[in-house]
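Geometric and topological summary
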Amino acid sequence: MTDNRHLIEIKEVGKDYLSKDVAVKAIRNMDFFIDDGEFVSIMGQSGSGKSTLLSIIGGLNHPTRGNVFVDTLDIYSLSSEQRADFRSEYIGIIFQSFQLIPYLTVLENVKLPMAITGIKKGKKKEMAMNVLKKVGLQEKVNRLPDQLSGGEQERVAIARAIVNNPPILLADEPTGNLDSETAIEVMNLLKELNDDQTIIMVTHNQDMCAYSSRTIRVKDGECFLY
Amino acid sequence: MKLYNISLNNLKRRKGKMIFLVMGLVIGIATVVTLLSITESMSMDIEKRLNQFGANIVMTPRNENLSLSYGGINVGGVNYKVREFDEKKINDIRKIKNSKNIGIIAPKVIGAVKVKGRDVLLMGVDFEQEIALKTWWQFDGYLPKQANEVLLGSQVASSFDLSTGDNMILSGRNFVVKAVLQPTGASEDNVIIADLHESQKVLGKEGKVSMVEIAAFCQGCPINEMTLQIAEKFPDAKVTALKQAVMSKMQSIELFKSFSLGISVLVIFIGSLLVFVTMMGSVSERTREIGIFRAIGFRRGHVMQIILLEALIVGLVGGFLGFFGGSTIAWATLPFVLEGGVFAGINISLGIISLLLSVSLSLAASLYPARKASNLDPSEALRVL
């Protein structure tokens, strides 16, 4: 339990891994918090540890030391299966390079996180259609991912991340594969979503940080808050 | 969207892999079904032939003396007194435990009669039963229906220069030759065959029966047990099972069955290996996808369900196609494998077994890949993103 009720609290988190039998410190004792409703950018060069940090916040990557509290819950005290339930309920992830399931249509990709919930069939479709409308793809629900442009695929990935209405949205380089015009569209969409969700975005693009309320810079596994 | 939608869509999208997987099972199941169907048809054919072959149990009066004949050659001209059964007791044969396996009971009375001063064997039979038993008999003329009508063995007819329509006297009674048997190469060639009750009168053996031939209609029925059961009812009888023909043919079938089983196990093993390798490949290929599933909150069990559902669908399709494919191959090849062989027909039980076998194999071969997929660490899986 933490003393103050921050939505996310990173307490002395460190992550080491072995690379060719050599211990590498990907994250060195990070300590910071993120409050509900924030739009935080995590910025840094390639290999700085920002994606590792994002995966630790998302309950995907067990830190070597330290604790991660989400809504006062120490998520790494949970079992692997309990953490899966936590991700289903609390976290929406927008992956780098969209990562849509190629054999599922736009609508099915968006409904994917609901496949393991008890939501009724009709309600699932209604929820999926609502978020697809929000991202402006209601006309392309039956297309397969490879029939969409990069920007459209990104918007499907965003729709899939928010369909369960998770309180936290993690975005890993959401504009990394987009042209500048589409990137701005996507960033505006994320800004809109920030009304309902806390967003943590990893980027190496300084311009994208302008959309966030706060930037955490990561260098050599250490963070510098701004 | 349910988990089965993911499995179904994956199979639909990866048609090539699906076809490859299904083919592995189809070949395995079709081989098993073909071999089992052919074996079943062979067994049926043997049964049919055995039924045509005639009696497979013979009941004769017990005799303490040893026979002095071999291969139709009598040595020493020794004649033994022939003992008989009481005709009324013959019906007791139908009271044995395995009575449902008894088809035909053909009683006979045998004795010597004088024809034109020479001794000839007279055999009294129940013509209806006898003809049902001796399906290979062919004769010129008509089957005797009246008490005073006889059927002559080919040797008897030629020895006494008798033919259809001729009259003959047996112990002072007038008989009409109704038909002459074509040569059989067996004992029947040397006998006069007449109605059972009329023969009993001619031979002075009213109510007596010299021997009984019994046909048991069944596939691999317990002939030894039936023999013992009949012997128990008739302590004075020597009951013999004519097993040699049955045994040698059944042995051939058993040999083919063992061979079929060996081939089936081998093909099934190869089919399972194919499913295993393809599923392992599929899991490796889908590491990224599984990472996404896990990242968005799928539990290990959910990932296993997706993989095993795919295996179940592949198993069902493979089993269904394998069964009908195997049955079709058996139907098409049987005439070449077995002369005059008739396909036993679609066997529903075999169909159910095929489906169960196919699904079990597919699930068993996919269990390890599914466990491997479900145990993927999401952070490791996402590294390939």
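Predicted model, so just to flag it, every value in this text is computed and none were measured.

**Here's the deal with the overall build of chain B**
A tally of helices and strands in chain B yields eleven helices and 14 strands. Long-range pairs, those at least 24 residues apart, make up 82% of the contacts in chain B between residues at least 6 apart in sequence.

**Quick look at the overall build of chain A**
Tallying secondary structure elements over chain A gives six helices and ten strands in all. Counting only residues that meet the buried cut, chain A has 46% of its 226 residues in that class. Long-range contacts, defined as pairs at least 24 residues apart, comprise 69% of the intrachain contacts of chain A with a sequence gap of at least 6.

**With respect to the packing of helix 1 (residues 3-13) of chain B against helix 9 (residues 300-337) of chain B**
All names here are of chain B. Axis separation between helix 1 and helix 9 bottoms out at 9 Å; the angle between their running directions is 50 degrees. Taken together, the axes of helix 1 and helix 9 lie oblique to each other. Handedness of the helix 1/helix 9 crossing: right-handed. In this structure, helix 1 contributes Leu 3, Tyr 4, Ile 6, Ser 7, Asn 10 and Leu 11 to the contact, and helix 9 contributes His 302, Gln 305, Ile 306, Leu 309, Glu 310 and Ile 313. When the residues that make up the contact of helix 1 with helix 9 are grouped by side-chain class, the tally is seven nonpolar, four polar and one charged.

**A closer look at helix 5 (residues 196-203) of chain B**
Residues and elements named next belong to chain B. Among the eight residues of helix 5, six are classified as buried, and the element is accordingly described as predominantly covered. Of all the residues in helix 5, the buried ones are Leu 196, Glu 198, Ser 199, Gln 200, Val 202 and Leu 203. Residues of helix 5 that are buried make contact with strand 5 (102-115), strand 6 (118-125), strand 9 (167-170), strand 10 (173-181), strand 11 (191-195) and strand 12 (208-209). Directly beyond the C-terminal end of helix 5, a positive phi value near 70 degrees is found at Gly 204.

**What about the interface of chain A and chain B?**
The interface of chain A with chain B comprises 24 residues on the first partner and 22 residues on the second. When contributions to the side of chain A that touches chain B are tallied by element, the ones reaching two or more residues are helix 2 (80-90) and helix 3 (106-111) of chain A. The element contributing the most residues to the side of chain A that touches chain B is helix 2 of chain A, with five residues.

**Observations regarding unusual backbone geometry**
Glycine aside, a negative phi is what most residues show, and trans is what most peptide bonds show. Residues and elements named next belong to chain A. Although it is not a glycine, Phe 98 sits at a positive phi angle of roughly 65 degrees. Among the structural elements, Phe 98 can be located in the loop between strand 6 (91-94) and helix 3. Among the residues examined, Phe 98 registers 22 C-beta atoms within 10 Å and is labelled buried.

**With respect to the sheet that holds strand 5 (residues 73-74) of chain A**
Residues and elements named next belong to chain A. Taken in spatial order, the four strands line up as 2-1-4-5 in an open sheet, and their pairing is antiparallel. Either end of the sheet is taken by a strand with one partner, and the two such strands are strand 2 (22-34) and strand 5. Of the strand pairs in this sheet, strand 4 (residues 65-70) and strand 5 are connected by two bridges, and their pairing is antiparallel. Counted as the bridge partner of Val 70 is Leu 73 from strand 5.

**Notes on the packing of helix 5 (residues 150-162) of chain A against helix 6 (residues 180-193) of chain A**
For any two helices packed against each other, one specifies the crossing angle of their axes together with the interaxial distance. All names here are of chain A. Interaxial distance between helix 5 and helix 6 falls to 10 Å at its minimum, and their mutual angle equals 15 degrees. Taken as axis vectors, helix 5 and helix 6 run roughly parallel relative to one another. Note on packing geometry: the crossing formed by helix 5 with helix 6 is right-handed. Side by side, helix 5 and helix 6 meet where Gly 150, Gly 151, Glu 154, Arg 155, Ile 158 and Ile 162 of the first sit next to Thr 182, Glu 185, Val 186, Leu 189 and Leu 193 of the second. Of the residues assigned to the contact of helix 5 with helix 6, the class counts are five nonpolar, three polar and three charged.

**Digging into the confidence of the model for chain B**
The predicted model of chain B averages 83 in pLDDT, with 87% of residues at 70 or higher. Confidence estimates for the predicted assembly give a pTM of 0.67 and an ipTM of 0.89.

**Overview of the nonpolar core**
Formed by 110 residues in total, the largest nonpolar core has its most connected members in A:Ile42, A:Ala159, A:Leu170 and A:Ile200. Take this core: its biggest share by element is 13 residues, from helix 2 (residues 15-53) of chain B. Not counting residues up to four positions away in its chain, the partners in contact with A:Ile42 are A:Lys50, A:Leu53, A:Leu54, A:Ile200, A:Met201, A:Val202, A:Ile216 and A:Val218. Core analysis: the next-biggest nonpolar cluster, separate from the first, contains 38 residues, B:Ala106, B:Met123, B:Leu151 and B:Met226 among them.

**Topic: the environment of B:Glu225**
Residue and element names in this part refer to chain B. Among the secondary structure elements, Glu 225 is positioned in helix 6 (residues 223-233). Taking the C-beta count within 10 Å as the criterion, Glu 225 has 14 such neighbours and is therefore assigned partly exposed. With 16 residues separating them in the primary sequence, Glu 225 and Ala 241 have C-alpha atoms 9.9 Å apart.

**Points about the pairing of strand 10 of chain B**
All names here are of chain B. Relative to strand 10, strand 7 (residues 139-141) is paired through three bridges, and the arrangement is antiparallel. In the sheet register, Phe 139 faces strand 10, and the bridge partner there is Leu 181. Relative to strand 10, strand 8 (residues 149-152) is paired through four bridges, and the arrangement is parallel. The partner of Leu 151 across the bridge, within strand 10, is Ala 179. Bridging between strand 9 and strand 10 involves four bridges; their strand directions are antiparallel. Looking across to strand 10, one finds that Asn 167 is bridged to Val 176.

**Focus on the pairing of strand 13 (residues 211-216) of chain B**
Remark: a regular strand shows side chains that alternate across the two faces of the sheet. All names here are of chain B. With five of six residues buried, strand 13 is to be regarded as a mostly interior element. Bridge count for strand 5 against strand 13 is six bridges, and the pairing is antiparallel. By the bridge assignment, Pro 107 is partnered in strand 13 with Val 212.

**Quick notes on helix 1 of chain B**
For helix 1 of chain B, every residue scored as buried is listed here: B:Ile6, B:Ser7, B:Asn10 and B:Leu11. Down the axis of helix 1 of chain B, the buried side of the element spans an arc of 125 degrees, and every buried residue falls inside it.

**Notes on the environment of A:Leu193**
Residues and elements named next belong to chain A. Mapping Leu 193 onto the fold places it in helix 6. The class of Leu 193 is buried, set by 21 C-beta atoms lying within 10 Å. Leu 193 sits 24 residues away from Leu 169 along the chain, and the two C-alpha atoms are 9.1 Å apart. Each residue touching Leu 193, except ones within four places of it in the same chain, is listed here: Ile 162, Leu 169 and Ile 199.

Conventions adopted
Residues numbered from 1 in each chain as written. Chains lettered and ligands numbered in written order. Predicted model: local features only at pLDDT ≥ 70, side-chain atom pairs only at ≥ 80, totals over all residues. Helix = DSSP H or I, 4+ residues; strand = E, 2+ residues; numbered from the N terminus. Contact = placed C-beta atoms within 7 Å. Buried ≥ 20, exposed ≤ 12 C-beta atoms within 10 Å, placed from the backbone. Axes fitted to C-alpha atoms, helices over the stretch in contact; angles between N-to-C directions. Parallel < 35°, antiparallel > 145°, perpendicular 65-115°, else oblique. Left-handed = near helix turned anticlockwise from the far one by under 90°. Nonpolar A, V, L, I, M, F, W, Y, C, P; charged D, E, K, R; others polar. Pairing = 2+ DSSP bridges. pLDDT = per-residue confidence, 0-100. Core = buried A, V, L, I, M, F, W, Y, C linked by C-beta atoms within 7 Å. Arc of directions from axis to C-beta.

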